[in-house]
Amino acid sequence: MRHPSVLIFLACLAIFTVGVTILSEGFGIGVISTSFIKTLGKTLCLCLVALAMDLVWGYTGILSLGHFAFFGLGGYAIGMWLMYERTRLIVVDSMANAALPPTPQEISDGIATQIFGVVGASEFPPVWATAHSLPLQLLAVVLLPGLLALVFGWLAFRSRVTGVYLSILTQAMTLALSLYLFQNDSGLRGNNGLSGLQNLPGVSAPQSVVSMWFLWGSALALGLGYVLCAWVVSGKFGSVIRGIRDDEARVRFLGYSVEGYKLFVFTLTAVIAGIAGALYYPQAGIINPAEIAPIASIYLAVWVAIGGRGRLYGAVIGAAFVSLVSTWFTGGQAPDINLGFYTIHWVDWWLILLGLSFVLVTLFFPKGIGGIFDIIAERRTPERHGADLGPDQGSLREQEADE
């Protein structure tokens with residue numbers, strides 16, 4: 001099989017999901033708390049967006065510092081429906097005892113006042129025109145990141161912007177979007193963002209059950225995303241995008257539409273990031289413009305580098321490792337170290353530790369954590385490359401063992 005890691009990954013993901021389900025509070029014996037179930041579900045979503053980052057950077061050579069913007073757009077798209085529908089139910093329930101049944105306009109005005117009163121408004125802005133429709137907002141989860149990536153990528157790639165200049169442009173795009181969303185007149189409640197997203201409208205199930213639903217959905221999305229990415233990087237298409245990464249000018253000289261390949265990968269990974277965000281923020285419960293700040297996309301690149309870029313499983317390992325370790329350090333679970341003259345509080349030192357880890361991995365272990373599996377595979381593979389098939393030197397030689 002060309003990509004045996006796919007079956008191994010899917011098997012590990014299935015075992016993990018079943019194990020968490022058995023140990024959960026909602027469907028199992030209650031060993032794992034609901035809050036940690038949400039942490040695991042969010043980690044799976046971060047692994048999915050890391051896959052997208054690895055595809056666009058590790059395989060195609062485009063260091064995008066804007067993919068968390070697509071992640072956030074997916075979260076805002078689904079968050080608008082969640083907040084609208086939850087508020088609508090509250091407003092309708094509050095008007096149930098009125099002398100006269102409320103009109104649709106009165107209900108709409110009540111919803112708008114509840115949602116936008118915090119920013120001094122009482123009317124729905126145009127961007128909320130489809131917030132009442134779950135199918136349309138699910139479509140927006142895919143279309144908004146995809147269209148933004150398509151337009152941005154078309155403008156950038158047709159101008160043949162590459163390297164660090166392209167990275168700066170993607171970072172500028174992310175910063176511009178973040179600053180726009182911080183404004184109250186953006187229509188998305190400015191710095192307040194969207195909150196209460198963990199409550200599914202019309203669902204009376206406890207959070208212990210809802211958290212497991214989201215974990216299952218996140219695991220399914222990650223599994224499908226891994227299969228899709230493995231399919232993309234295989235065959236001729238995968239060879240071409242690797243060629244673009246290694247020597248773009250030569251691939252163009254061979255007659256391939258380099259800009260077309262890059263635009264396809266950039267747009268596809270933006271859609272994957274948007275889906276990951278749509279699953280992440282209902283588990284987080286809130287989304288605000290700070291989530292789309294450029295630093296978040298830089299963290300994403302660090303995760304992929306630590307896990308091992310150019311390896312799909314490396315991206316997943318890096319995102320999962322950093323996410324869980326970050327939760328441990330920043331959640332107050334890591335014990336402080338008293339040196340006598342100074343006390344190390346890991347909450348304050350975590351980002352420094354993460355940056356140091358990135359530098360050390362880049363300098364001394366460029367293949368990342370995923371490179372460990374490469375070393376194990378190489379040791380288990382017999383050295384049969386180029387073995388003579390005839391008695392004389394120079395005879396027909398055996399094909400490479402991995403073909």
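As a starting point, this report considers the structure included with it. (Residues numbered from 1 in each chain as written. Predicted model: local features only at pLDDT ≥ 70, side-chain atom pairs only at ≥ 80, totals over all residues. Heavy atoms only, no water.)

## A look at the overall build of the chain
Quick reminder of the rule: A run of H or I in DSSP counts as a helix once it spans at least four residues, and a run of E counts as a strand once it spans at least two, with each numbered from the N terminus. In what follows, a contact means two residues having at least one pair of non-hydrogen atoms within 4.5 Å. Residues counted as positive are Lys and Arg, residues counted as negative are Asp and Glu, and His and the chain ends are not counted. Lysine's charge is taken at NZ, arginine's at CZ, aspartate's at CG and glutamate's at CD.
The secondary structure content of the chain amounts to 14 helices and four strands. Each principal axis of the C-alpha atoms in the chain carries an extent, and together these give about 100 × 55 × 50 Å. Across the chain, every contact between residues at least 6 apart in sequence was considered, and the portion connecting residues at least 24 apart equals 73%. Taking the average place of the 21 positive charges on the side chains of the chain and the average place of its 24 negative ones, the gap between the two points comes to 5 Å.

## Looking at a nonpolar patch on the surface
Applicable threshold: Only residues whose relative accessible area exceeds 30% and that form no salt bridge enter a patch; like-charged residues are grouped when within 9 Å of one another, and nonpolar side chains (Val, Leu, Ile, Met, Phe, Trp, Tyr) when within 5 Å. For the area figures, the Shrake-Rupley method with a 1.4 Å probe applies, and any residue is considered shielded solely by the protein chains shown. One speaks of a salt bridge when a side-chain nitrogen belonging to Lys or Arg is within 4 Å of a carboxyl oxygen belonging to Asp or Glu. Buried residues are those whose accessible area, probed at 1.4 Å on protein chains only, stays under 20% of the maximum for their type, while exposed residues exceed 50% and partly exposed ones sit between those limits.
A surface patch of nonpolar side chains, about 920 Å² in accessible area, is lined by L356, F358, V359, L360, L363, F364, F365, I372, F373 and I375. Elements that contribute at least two residues to the nonpolar patch include exactly α13 (346–364) and α14 (371–380). Counting residues per element, the nonpolar patch draws most heavily on α13, at six residues. Turning to its location among the elements, F364 is positioned in helix α13. Classification of F364 by relative accessible area gives exposed; the value is 65%.

## Re helix α6 (residues 163–182)
Three- or four-residue spacings in an α-helix give side chains the same orientation, since the helix completes a turn every 3.6 residues. We apply this condition: For a helix, the expected span equals 1.5 Å multiplied by the residue count minus one. Here the arc refers to the set of directions running from the helix axis out to each C-beta atom.
For α6, built from 20 residues, the straight-helix expectation of 28 Å at 1.5 Å per residue is met to within 8% by its first-to-last C-alpha distance of 29 Å. Listed as buried for α6 are L166, S167, T170, M173, T174, L177, S178 and L181. Looking straight down α6, one finds that the buried residues subtend no more than 125° of arc, so they occupy a single side. Away from its buried face by more than 90 degrees, α6 exposes V164 and Y165. On its buried side, α6 packs onto α3 (67–94), α5 (134–158), α10 (258–284) and α11 (294–307).

## Quick notes on the layout of surface pockets
Inclusion rule: Put simply, the grid is 1 Å and covers the protein atoms alone, a cavity is a trapped set of points that fit a 1.4 Å probe, a pocket is an open set with protein on both sides within 12 Å along at least five of seven lines, and lining residues have an atom within 4 Å of a point. Grid points are joined across faces, edges and corners, and a volume is the space filled by probe spheres set on the points. Asp, Glu, Lys and Arg are counted as charged, while Ala, Val, Leu, Ile, Met, Phe, Trp, Tyr, Cys and Pro are counted as nonpolar; the rest, among them Gly, fall into the polar class.
Volume-wise, the second largest pocket comes out at about 660 Å³. Considering the residues around the second largest pocket, the lining is formed by 23 residues, among which L46, Y280, W303, S323 and S326 are closest to the centre. Among the secondary structure elements, those contributing two or more residues to the lining of the second largest pocket are α2 (34–59), α10, α11, α12 (312–330) and α13. With five residues, α12 is the largest single contributor of residues to the lining of the second largest pocket. Looking at the lining of the second largest pocket residue by residue, the class counts come to 15 nonpolar, six polar and two charged.

## Focus: the packing of α5 against α6
What counts, and what does not: Lines fitted to C-alpha atoms define the axes here, with helix axes fitted over just the stretch in contact, and angles between the N-to-C directions of these axes take values from 0 to 180 degrees. Take the far helix as the reference: if the near one is turned anticlockwise from it by less than a right angle, the crossing is left-handed, and if turned clockwise, right-handed.
Orientation of α5 relative to α6, taken along the N-to-C sense of each, is 145°, at an axis distance of 12 Å. Pair α5 / α6 crosses with right-handed handedness. For the pair formed by α5 and α6, the contact residues are L148, F152, A156 and F157 on the first element and L166, L169, T170 and M173 on the second.

## Considerations on empty space enclosed by the protein
If a probe as big as a water molecule is rolled over the atoms, it shows which places are left empty. This model, assessed by the stated rule, comprises one cavity of 30 Å³ or more. The computed volume of the largest cavity comes to approximately 40 Å³. Lining the largest cavity we find K38, Q198, Q207, V210, S211, F214, P282 and Q283. Listed by contribution, the elements that provide at least two residues to the lining of the largest cavity are α7 (207–232) and α10. Looking at which element gives the most residues to the lining of the largest cavity, the answer is α7, with four residues. Of the residues belonging to the lining of the largest cavity, the class tally is three nonpolar, four polar and one charged.

## Concerning the packing of aromatic side chains
Note on aromatic pairs: each is described by the distance of the centres and the angle between the planes. Which entries qualify depends on this criterion: Two aromatic rings from Phe, Tyr or Trp, using only the six-membered ring of Trp, form a pair when their centres are within 6.5 Å; if the ring planes differ by under 30 degrees the pair is stacked, by over 60 it is edge-to-face, and anything between is tilted.
Using the criterion set out here, one finds 17 aromatic pairs in the structure. For the pair F68 and F71, a centre-to-centre distance of 4.5 Å together with 40° between the ring planes defines the contact as tilted. With F68 and F71 both in helix α3 and three residues apart, the pair spans about one turn of that helix. Considered together, F68 and F71 belong to a single accessibility category, that of buried residues. Arranged with centres 5.0 Å apart and planes meeting at 80°, the rings of Y280 and Y281 form a pair that is edge-to-face.

## As for the side chain of S218
With respect to the secondary-structure elements, S218 resides in helix α7. Not counting residues within four places of it along the chain, the set of residues in contact with S218 comprises G41, L44, C45, L279 and Q283.

## Side note on the environment of I15
Among the structural elements, I15 can be located in helix α1 (residues 4–23). Between the C-alpha atoms of I15 and A270, which are 255 residues apart in sequence, the distance is 28 Å.

## Comments concerning the environment of P201
Take P201: it is sitting in the loop between β1 (194–195) and α7. Classification of P201 as buried rests on a relative accessible area of 15%. Along the primary structure P201 and R88 are separated by 113 residues, whereas in three dimensions their C-alpha atoms are 9.1 Å apart. If near-sequence neighbours (up to four positions away) are discounted, P201 is found in contact with W81, L82, E85, R86 and L89.

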